[in-house]
Amino acid sequence: MKAHMINLRRGAFYLTLALICCQLSISTGIAGESGQSSDTIKAGAGQSNARPIADKWAVLIGIDRFKDTHIPSLDYASKDAIDFGKFLVEKGHFAKDHVLVLTNENATRDKIRDAIGGTWLPSRAAKDDLVLIFASTHGSPKELDVGGENFLVAHDSDSRNLYVTGIRFSDLAPEVKERTGCDRVVLLLDACNSGAANVGGKGLIRTSNFDISSLAGEGQIVISSSAANQRSFESKRCTNGVFTRHLISALQKQGQNTTITEAFNYLKEQVENEVRFDRQLTQTPVMRSKWSGGELILVAVPTKPRQIEPIAAETTDAEAQAEDAYRRADQLFNEGKYSQSVELAMKAANAGHPGGQYLCGVFCNRGIGQAQDARAAAQWWQKSADQDFAAAQCWMGNLYRLGKGVPKNPVKAVEFYRKAADQGNAYGQYLLAMMYEQGTGVPLNRAEAYQWYQKAALQGEASAQSRVKYLRSQVDALNLEAKPVLPVIPNLAGDWLASYGAHYQIWQNGREYGWKFPHEEGRGVIADDGKTARCRWWGKNNGTDTATLEYDSSGMVVRIVGSNGVTLTRQ
């Protein structure tokens, strides 16, 4: 099974990701602001932050699967949180029950807010402690909010209403201070909002990153994985984000004596080198601070560690271990290392992880590591499908369609295909279209089949693209006009090359879109019929225009032709 048939395919918007973390112990020295262009650090006359760190706490958030089908999945976000948590416990002198890991379905908006300001941190952290918050997920750029706010995207966030369903970045540290009395917090923001439309990049839309100086309050350090005009990437060399991979190494560069400044300088160099070598692009981490007092040492031993009841932490740790086992099993499976994958998949499946259950179904169906058994495969896939794992829903549909492991039932097959299709899964959309085209399990309806094929084709499903091309030659039978069926809202987000040589990175929110250069900014609106778009720009140059949108046979916008003669071509 290919990885693209295991993972959910997501929609048009690419969201950014944030890592937030807090630093630990302090010696005398500096604390302040450094980055791509400045390294100024304010050594304080006020010594509130120079007192010893009594205890250390961490809330780690990792989300790579989202309930909203318009939010694309990530590869390593949950693993970033799990791996960073292991580092904190094994080498960072964090007590195991002082680290709370929230991943995917356990990282909803309410659960994150409860951990930070409800029942977890407020009942544990005290004034003389240090709090670390690490969030590896998408984060939204200010352009998507009328108030210009950046939001952390939770598992259940709605991309159309982040103000209500997201978590405002600027609230995180102040809420920790208000709810716990702890005034030492550090925010690490990894893979903010630019560049997700590139393979391996992370972000909601292609636009500039946000300025982290606005997020650094008193007693806080903020580290971003890239500068405001750059992208952040997941690594080609290992199963982590580039930033997280080198963050773990950097924080132990000088062992227990590694200061946050030393760690940042090493981190910055390593991230720049890897991205430049692997992608021929630039990614430069940036640090800002309003810290007063001495330098921080993240891995230092706390001076007054406290015991807590471990029940909640153990539960969360088990969930994190199941997630980690599934991710490693999935990777080994795609590498063809089946015997190693089976053991890890079974561990995740027995812990109730839907991805692990899905893989166990694959192994049973193929006879990998055991006798081939379609009935056993059906049992595992049913458990996974009950948790809305789209790939398992697709294969349960296949079993019912073919009568393997379960009684043949085309109607049940359609039910499972529709569940996957409604989640935005391209393979599920293709299978549902096939049932409509053949009249199997549903009344024959080639027009309906065409619509579902079209949705799958727009996500790159090759088989669906072939069927779209064939059915378009049968337009009379379909009673359709001889033109592409346009998406409800055309997708303009991405890289574009102008006819005069300039490169544009267009962001989009619904029918609104825009771009931003150092000396120019533009905004526009797509017409309801999807054929034209109006825009205006200001800055070094000012102007307005109405452009025509040109589509390819699959319904993808490939050219934007302005009435002023300028043409943008999708890259």
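What you see is a predicted model; the values in this text were computed from it and never measured.

Looking at the overall build of the chain
- Looking only at helices and strands, the chain has 17 helices and 19 strands in total.
- In the chain, once contacts between residues fewer than 6 apart in sequence are set aside, the share between residues at least 24 apart is 64%.
- Here the chain has roughly 23,400 Å² of accessible surface; of this, 48% comes from carbon and sulfur atoms.

Remarks on the environment of Gly530
- Mapped onto the elements, Gly530 comes out in the loop between β15 (520-526) and β16 (532-539).
- For Gly530, a relative accessible area of 3% corresponds to the buried category.
- Distance from Gly530 to Thr548, taken between C-alpha atoms, is 9.1 Å for residues 18 residues apart in sequence.

Digging into the sheet that holds strand β12 (residues 494-498)
- The strand order around the closed barrel formed by 8 strands is β12-β13-β14-β15-β16-β17-β18-β19, and the pairing between neighbours is antiparallel. Across the sheet, the mean angle separating the axes of adjacent strands is 30° when strand polarity is ignored.
- Bridging between strand β18 (residues 557-562) and strand β19 (residues 567-570) involves 3 bridges; their strand directions are antiparallel. Bridge pairing links Arg559 to Thr569 in β19.

Points about helix α14 (residues 426-438)
- A rise of 1.5 Å per residue sets the reference length of α14, with its 13 residues, at 18 Å; its end C-alpha atoms lie 18 Å apart and thus fit the reference within 8%.
- Of all 13 residues in α14, 12 are buried; the element is thus mostly enclosed.
- Where α14 is concerned, the buried positions are Ala426, Tyr427, Gly428, Gln429, Tyr430, Leu431, Leu432, Ala433, Met434, Met435, Tyr436 and Glu437.
- Sitting at the head of α14, Asn425 places a side-chain oxygen 3.2 Å from the backbone nitrogen of Tyr427.
- Phi for Gly439, located one or two positions after α14, is positive at around 70°.

Observations regarding the packing of aromatic side chains
- This structure, assessed with the given rule, holds 13 aromatic pairs.
- Centre to centre, the rings of Phe84 and Phe87 are 6.0 Å apart; their planes meet at 40°, and the pair counts as tilted. With a gap of 3 residues between them, Phe84 and Phe87 both fall in helix α2 (residues 77-90), about one helical turn apart.
- Every member of this aromatic cluster is reached through a ring pair, and the members are Tyr326, Tyr358, Trp381, Phe389 and Trp395.
- If you follow Lys412 out to its NZ or CZ, it ends over the ring of Tyr400, 5.6 Å from the centre.
- The side chain of Lys419 reaches across the aromatic face of Phe416, ending 5.3 Å from its centre.

Quick notes on the sheet that holds strand β3 (residues 99-103)
- The mixed open sheet is built from 6 strands, whose spatial order is β3-β2-β4-β8-β9-β10. Among the strands making up the open sheet, the edge pair consists of β3 and β10 (286-289). Between one strand axis and the next, the sheet turns by 10° as a mean value, whatever way the strands run.
- In terms of strand pairing, strand β8 (residues 185-189) meets strand β9 (residues 220-224) through 5 bridges, oriented parallel. Within β9, the residue paired with Val185 across the bridge is Gln220.
- Of the strands in this sheet, β2 (56-62), β3 and β4 (130-136) touch helix α3 (residues 109-117), which is tilted by about 170° from β3.

Considering the side chain of Ser341
- Checked against the element boundaries, Ser341 lands in helix α9 (residues 338-350).
- Setting aside anything within four residues of it in sequence, one finds Ser341 in contact with Ala329, Leu332, Phe333 and Phe363.

Topic: the nonpolar core
- Grouped together as the largest cluster of nonpolar side chains are 58 residues, with contacts concentrated most on Tyr358, Leu359, Trp381, Met396 and Tyr453.
- In terms of residues, this core owes the most to one element, α14, which gives 9 residues.

Regarding the packing of helix α6 (residues 242-250) against helix α7 (residues 260-279)
- The geometry of α6 relative to α7 is characterised by a closest axis approach of 9 Å and an angle of 140° between their N-to-C directions. Between α6 and α7 lies a crossing whose hand is right-handed. Seen from α6, the contacting residues are Val242, Phe243, Arg245, His246, Leu247, Ser249 and Ala250; seen from α7, they are Ala263, Tyr266, Leu267, Gln270, Val271, Glu274 and Val275.
- Partitioned by chemical class, the residues of the contact of α6 with α7 number 9 nonpolar, 3 polar and 2 charged.

Re the confidence of the model for the chain
- Averaged over every residue, the pLDDT of the chain is 78; residues scoring 70 or more account for 80%.
- When mean pLDDT is taken per element in the chain, helix α12 (residues 390-402) scores highest with 94 and strand β1 (residues 25-26) scores lowest with 30.
- In the model, residues 193-211 has pLDDT below 50 throughout and makes 104 contacts with residues more than four positions away in sequence or in other chains.
- Below a pLDDT of 50 lies the segment residues 310-315, which in the model reaches 2 contacts outside its immediate sequence neighbourhood of four places, other chains included.

Section: the pairing of β9
- Burial of β9 is extensive: 5 of the 5 residues sit out of reach of the surface.
- Burial of the side chains of β9 extends over both faces: Gln220, Val222 and Ser224 are buried on one face and Ile221 and Ile223 on the other.
- In the sheet, β9 pairs with β10 via 4 bridges, with the strands oriented antiparallel. Across the sheet, the residue bridging to Ile221 is Ser289, located in β10.

Brief notes about the pattern of salt bridges
- Enumeration according to the criterion identifies 17 salt bridges in this entry.
- Of the charged contacts, one joins Arg160 and Asp158 as a salt bridge, the two residues approaching to 3.1 Å between their closest N and O atoms.
- Members of the salt-bridge network, linked through shared partners, are Asp64, Arg65, Glu105, Glu323 and Arg327.

What counts, and at which threshold
- Residues numbered from 1 in each chain as written.
- Predicted model: local features only at pLDDT ≥ 70, side-chain atom pairs only at ≥ 80, totals over all residues.
- Heavy atoms only, no water.
- Helix = DSSP H or I, 4+ residues; strand = E, 2+ residues; numbered from the N terminus.
- Contact = heavy atoms within 4.5 Å.
- Areas by Shrake-Rupley, 256 points an atom, 1.4 Å probe, with all protein chains shown as cover.
- Buried < 20%, exposed > 50% of the residue type's maximum accessible area, 1.4 Å probe, protein only.
- Pairing = 2+ DSSP bridges.
- Axes fitted to C-alpha atoms, helices over the stretch in contact; angles between N-to-C directions.
- Expected span 1.5 Å × (residues − 1).
- Polar contact = N/O pair within 3.5 Å; in protein donor to acceptor, adjacent residues only side chain to side chain.
- Phe/Tyr/Trp six-rings, centres within 6.5 Å; stacked < 30°, edge-to-face > 60°.
- Lys NZ or Arg CZ within 6 Å of the ring centre and 35° of its normal.
- Core = buried A, V, L, I, M, F, W, Y, C linked by side-chain atoms within 4.5 Å.
- Left-handed = near helix turned anticlockwise from the far one by under 90°.
- Nonpolar A, V, L, I, M, F, W, Y, C, P; charged D, E, K, R; others polar.
- pLDDT = per-residue confidence, 0-100.
- Salt bridge = Lys/Arg side-chain N within 4 Å of Asp/Glu carboxyl O.

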